[in-house]
Amino acid sequence: MMKILVVGGGGREHAIAVALSRTSETEIYSVMARKNPGIARLAKKVCLVSETDIDRIVAFAKETGVTHAFIGPEAPLEAGVVDRLSAAGVACVGPTKAAARIETDKAFCRDLMTHHHIGGNPAYRVFHDTADAIAFVKDHDGDLAIKPIGLTGGKGVRIMGEQVDLAGAIDYIHQIKGEVVLEERLKGEEFTLQAFVDGFHIVPMPLVQDHKRAFDGDTGPNTGGMGSYSMPDHMLPFVSGKDRTAALSIMASVVAAMAKDGIPYKGVLYGQFMNTSEGPKVIEFNARFGDPEAMNVLTLLSSDLCDVVTGITEGTLSAAKVTFEHAATVCKYLVPEGYPAAPKTGRPLDLGKTGDALLYYANVDERDGRLFTLTSRTLAFVGKADTLAAAERIAEHAASAVKGSVHHRHDIGTQALLDRRIAHMKEL
């Protein structure tokens, strides 16, 4: 019997809990800031507390006698939850505070790649002074990506020429007090490659493409992610086998570099890449599953996630023991009206007849059997089928069946959007 603690209460963590629950020899315990109805139904016991309250999390782990923990979000990783749980004898899927810097400190990530001569690093400069950063922007010929050094919940990057002009860039650097990484603006198509890592071995998952912009046609403000899709062959039509191999090689080199530097990486490593005319370039690394991308790959996982947990924590991870179904997936997130700037909260939802889609609960309140919107993404529906078109129909039917003050992107997973991605890559 594996007694495992899942830290986090979003859609990603619900997907983790669902995958763990497929094994009858598992007891799931949960720590989350707000009750997620889906996780609560799977968990033997729930502790509602801030996900960065490390003392309380460790105490709950001791109370319940969990042997393992799976850390979902980045904030507890930055707070050192793995270090403390490990010291208490709990084996963790998630990196230590030092290793989590691959996500939590963008300057650390870029400098690590530079020091170890790892490919895929865009041209960049790190700044800790507002005046110096602004002077660089003013003198630079061309657009830049402006990235706060620390965590931003997936919403902190500003792209010149797309989201902000020069004046907007300068204003943003003032807002973040000059603690910034300025990078060349990469042009191409984004894709996500996630991998399980045990400190030395790396096992890749199917490729996924996320969609950050709030509205159809990639318009509107950036969000935490409005949805994502994956293909039956685990590839994407604008990513060649050579491109995928290059991306995986970059990730393996990062894992090897961190081990060499004495900060071995264990957990899920998320590589966000831009496929450019020169091949894949690293946009960023995350120290955990993506949300929504976790829902695509964990829906497809056909091997036992508990065995993967053991492989990661014991350093015995093997690609031969990690298998995924060959099917397409489409994930569509429902979000409150007004999200992300001014979400309408406390509005009732009626699920309706959602058909064959898988439902993952995210930031939603359940009272007396009814669901109500909160401040962030509400529910995610995943369609799984032999073809992308069929998977998209399943997800769209489910998302459209929900009545209430919510909306979703209708175009995620459609052939029309995919064709635009392919055409864009051919142009480059």
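Report follows, based on the coordinates.

Reading the values: the criteria
- Residues numbered from 1 in each chain as written.
- Predicted model: local features only at pLDDT ≥ 70, side-chain atom pairs only at ≥ 80, totals over all residues.
- Heavy atoms only, no water.
- 1 Å grid on protein atoms, 1.4 Å probe; cavity = no way out; pocket = protein on both sides within 12 Å on 5 of 7 lines; lining within 4 Å.
- Points joined across faces, edges and corners; volume = space filled by probe spheres on them.
- Helix = DSSP H or I, 4+ residues; strand = E, 2+ residues; numbered from the N terminus.
- Nonpolar A, V, L, I, M, F, W, Y, C, P; charged D, E, K, R; others polar.
- Pairing = 2+ DSSP bridges.
- Salt bridge = Lys/Arg side-chain N within 4 Å of Asp/Glu carboxyl O.
- Buried < 20%, exposed > 50% of the residue type's maximum accessible area, 1.4 Å probe, protein only.

Taken as a whole and assessed by the stated rule, the structure comprises two cavities of 30 Å³ or more. Taken as a whole, the largest cavity spans an internal volume of roughly 70 Å³. I102, E103, K106, C109, R110, K147, E183, I283, E284, F285 and N286 are the residues that line the largest cavity. Among the secondary structure elements, those contributing two or more residues to the lining of the largest cavity are α6 (101–104), α7 (106–115) and β17 (279–286). When residues of the lining of the second largest cavity are traced back to their parent elements, those giving at least two are β4 (68–71) and β16 (266–276). Grouping the constituent residues of the lining of the second largest cavity by class yields eight nonpolar, two polar and one charged.

Looking now at the sheet that holds strand β21 (residues 364–367). Overall, antiparallel pairing links the four strands, which are arranged β21-β22-β19-β24 in an open sheet. Pairing within the sheet leaves two strands with one partner each, and these edge strands are β21 and β24 (403–404). In terms of strand pairing, strand β19 (residues 348–350) meets β24 through two bridges, oriented antiparallel. Among the inter-strand pairings, L349 is bridged to a residue of β24, identified as G404.

So, about the pattern of salt bridges. Per the stated rule, a full pass over the model turns up 24 salt bridges. For R288, the salt bridge is made with E74, and the minimal N-O distance between the two is 3.3 Å. Here R288, found in the loop between β17 and α11 (293–300), pairs with E74, found in helix α4 (residues 74–79); they are 214 residues apart in sequence, far enough to count as distant. Given a relative accessible area of 9%, R288 falls into the buried group. For D210, the salt bridge is made with K212, and the minimal N-O distance between the two is 3.5 Å. According to the relative accessible area criterion, D210 is buried, its value standing at 11%. Connected through salt bridges with shared partners, the residues E189, D218, R409, D411 and R421 form a single ionic network.

Don't take any of this as a statement about function, it's just geometry.
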